[in-house]
Amino acid sequence: MIAQVIVVPKPVVNDPQGVTVRQGLRALGFAEVTDVRVGKYIEVTLDAASADEAYDRVEEMCRQLLANRVIEDFRFDLLPGAAEPRSRPALDRKGKRGEEPA
Amino acid sequence: MKFGVVVFPGTWSDRDWGHVIKDVLCADLIYLWHKDRELHGVDCVVLPGGFSYGDYLRTGAIARFSPVMDSVAEFAARGGLVWGSCNGFQILCEAGLLPGALIRNQCLEFRCEWALVRCDQPSTPYTWRLERGQLINLPIAHGEGNYFADPDTLRQLERNGQVVFRYCDASGEPTADANPNGSMNNIAGIVNTSGNVLGMMPHPERCAEAELGGTDGLALFRSLLQAASSLTLR
């Protein structure tokens, strides 16, 4: 199974990287950009008997190491298998596939 | 007094600390390899600056899993002196030995310069030779020294007098201009509630000899030398 983990600075944490990227985008003419937050993407491949089990384990990984909860929030999607993660739809907590992407 | 300077892969200030401890203070020194659980009877553990584990994931995030850190946490819980500077401060926060976190400098630049800091807490083993409000000049060298804590934690730190050092201007005011990294409340260093664990972004080991441009860092070492003699572990 593959967990696609997104870690972003908490809303209350000042994100100078995000502010700088926002300024860059606006300087390029993307005047519609109102906010940018810069975070991290972490892909974890793991063995798990079920999606529920994987969910709990990845949540614990995030709490203990992948995110520092003083400054960061996290969220993740679980995908089946180990290959071509982006081509597969995410599993929900019950292990069901979501809508196929258009 | 015996100092143990911890060396992680990527630590870079260990020899500077070692030089001051051994050659300037004439105190006992041992380097503690991060895989070594034994603290060899040291009176003070130093977590020096650098880029432990290449700052992977977050600064200090991986170092806290080194075997030596279990012993350091246990030593700190017994009242042992644990002194972290720069990356050492980041490790102490990641390890939960100090509250809060250090994030990217507000200016996004690596800041390598002298910083004026005010001592706001002289009642610690590290600072008792300083006066309350005394200004000292210490070098800083970091890209992630922007101290952050949630509002409750920040209030507690202030209420308990745990803020030891604050970036200030020459008149002793903690202004935004004097703040090199955007730290909340201009915080440059804090202690735990018992006062035995100190984390600070500046480098006292880089200003302990006149040849290096200043000796203000020596006051901390000298405070500790005298304090350690009266300290008993729980």
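Everything here concerns the structure above.
Every chain begins its residue count from 1, and numbering advances along the sequence as written. Written order determines the labels here, with chains lettered from A and ligands numbered from 1. Only residues with pLDDT of at least 70 get local features here, since the model is predicted, and only at 80 or more are side-chain atom pairs given and counted; chain-wide, interface and lining totals rely on the full set of residues. Each side-chain value is derived from all of the structure's non-hydrogen atoms; neither hydrogens nor water enter the calculation.

Participant: What is the right way to look at the overall build of chain A in this model?
Facilitator: The helix and strand inventory of chain A stands at two helices and three strands. Helix and strand definitions here come from DSSP, where helices need a minimum of 4 consecutive H or I residues and strands a minimum of 2 consecutive E residues; each element is numbered from the N-terminal end. Ordered by position from N to C terminus, the α and β elements of chain A give β-α-β-α-β. Burial classification: accessible surface area is computed with a 1.4 Å probe over protein chains only, and a residue below 20% of its type maximum counts as buried, one above 50% as exposed, and the rest as partly exposed. Burial statistics for chain A: of 102 residues in total, 31% are counted as buried. For chain A, the accessible area works out to roughly 6,400 Å², and carbon and sulfur atoms hold 50% of it. In this description, accessible areas are obtained by the Shrake-Rupley approach with a 1.4 Å probe, and a residue is regarded as covered only by the protein chains that are shown.

Participant: Looking at this structure, I do not really get the overall build of chain B. What am I missing?
Facilitator: Assigned secondary structure in chain B consists of five helices and 11 strands. Restricting the calculation to C-alpha atoms gives the radius of gyration, and the globule rule supplies 2.2 Å times the number of residues raised to the power 0.38. Over its C-alpha trace chain B gives a radius of gyration of 16 Å, about what one expects of a compact globule, namely 17 Å for 234 residues. For the C-alpha atoms alone, the extent of chain B along its principal axes is close to 45 × 35 × 35 Å. In chain B, once contacts between residues fewer than 6 apart in sequence are set aside, the share between residues at least 24 apart is 75%. When charges are counted, Lys and Arg contribute as positive and Asp and Glu as negative, whereas His and the chain ends are disregarded. All charge positions are set by atom: Lys at NZ, Arg at CZ, Asp at CG, Glu at CD. In chain B, 19 positive and 26 negative side-chain charges are present, and the distance between their average locations comes to 5 Å. Contacts are assigned to residue pairs with any non-hydrogen atoms lying within 4.5 Å of each other.

Participant: Sorry, what's going on with the nonpolar core here?
Facilitator: Generally speaking, soluble globular proteins have nonpolar side chains that are buried together. Membership of the largest hydrophobic core comes to 64 residues, with the highest contact counts inside it found for B:V45, B:L47, B:V82, B:W83, B:Y147 and B:F165. Leaving out residues up to four positions away in the same chain, B:V45 has contacts with B:G4, B:V6, B:L39, B:V72, B:F75, B:L81, B:V82 and B:W83. To form a nonpolar core, buried Ala, Val, Leu, Ile, Met, Phe, Trp, Tyr and Cys residues must be joined to one another through side-chain atoms within 4.5 Å. Listed in part, the 13 residues of the second largest apolar core include A:V5, A:A54, A:F76 and A:L78.

Participant: It is not clear to me how the sheet that holds strand β3 (residues 72-79) of chain A should be interpreted in this structure. Could you clarify?
Facilitator: The strands making up a sheet associate through backbone hydrogen bonding, with each pair oriented either parallel or antiparallel. Residues and elements named next belong to chain A. When DSSP finds two or more bridges between two strands, those strands count as paired. Across the sheet, which stays open at both edges, the three strands sit in the order β2-β1-β3 with antiparallel pairing between neighbours. Looking at strand neighbours, the two that pair on one side only are β2 (40-45) and β3, the edges of this open sheet. Strand-to-strand twist of the sheet, defined as the mean angle between neighbouring strand axes without regard to direction, takes the value 20°. Axis definition: a line fit to C-alpha positions, over the contact stretch in the case of helices; interaxial angles, taken between N-to-C directions, run 0 to 180 degrees. Against the sheet, helix α2 (residues 51-66) engages β1 (2-9), β2 and β3, with an angle of about 155° to β3.

Participant: Quick question: what am I supposed to make of the interface of chain B and chain A here?
Facilitator: By a widely used convention, the size of an interface equals the accessible area lost when the partners come together. Taken together, the contact pairs 15 residues of chain B with 16 residues of chain A. Summed over both partners, the accessible area (1.4 Å probe) lost when two parts come together is defined as the buried area. When chain B packs against chain A, close to 1,300 Å² is buried across both sides, 65% of that on carbon and sulfur atoms. Three residues, B:L57, B:R58 and B:F148, lead the burial of chain B against chain A; their summed loss comes to 41% of the area buried on that side. A pair is scored as a salt bridge if a Lys or Arg side-chain nitrogen falls within 4 Å of a carboxyl oxygen belonging to Asp or Glu. Where chain B meets chain A, there are one salt bridge. The salt bridge partner of A:E72 is B:R58, with a shortest N-O separation of 3.7 Å. As used in this structure description, the phrase polar contact means that two N or O atoms lie within 3.5 Å; if the pair is within protein, one of them must be able to donate a hydrogen and the other to accept it, and residues adjacent in sequence are counted only when both atoms belong to side chains. Put simply, chain B and chain A have six residue pairs in polar contact (both at pLDDT 80 or more) between them. Under the convention adopted here, Pro, Cys and the residues Ala, Val, Leu, Ile, Met, Phe, Trp and Tyr are nonpolar, Asp, Glu, Lys and Arg are charged, and Gly plus all remaining residues are polar. When the residues that make up the side of chain B that touches chain A are grouped by side-chain class, the tally is eight nonpolar, three polar and four charged.

Participant: Could you clarify how one ought to interpret the sheet that holds strand β9 (residues 163-167) of chain B in this entry?
Facilitator: Residues and elements named next belong to chain B. Across the sheet, which stays open at both edges, the nine strands sit in the order β2-β1-β3-β4-β11-β10-β9-β6-β7 with mixed pairing between neighbours. The outermost strands of the open sheet, each flanked by one partner alone, are β2 (28-33) and β7 (135-142). Sheet twist, expressed as the average angle between the axes of neighbouring strands with direction ignored, equals 25°. Summarising the sheet, strand β6 (residues 111-119) and β7 pair through eight bridges and their orientation is antiparallel. Residue pairing across strands places W114 opposite P139, the latter belonging to β7. Of the strands in this sheet, β3 (44-47), β4 (81-85), β10 (187-191) and β11 (197-200) are in contact with helix α3 (residues 87-94), which crosses β4 at around 120°.

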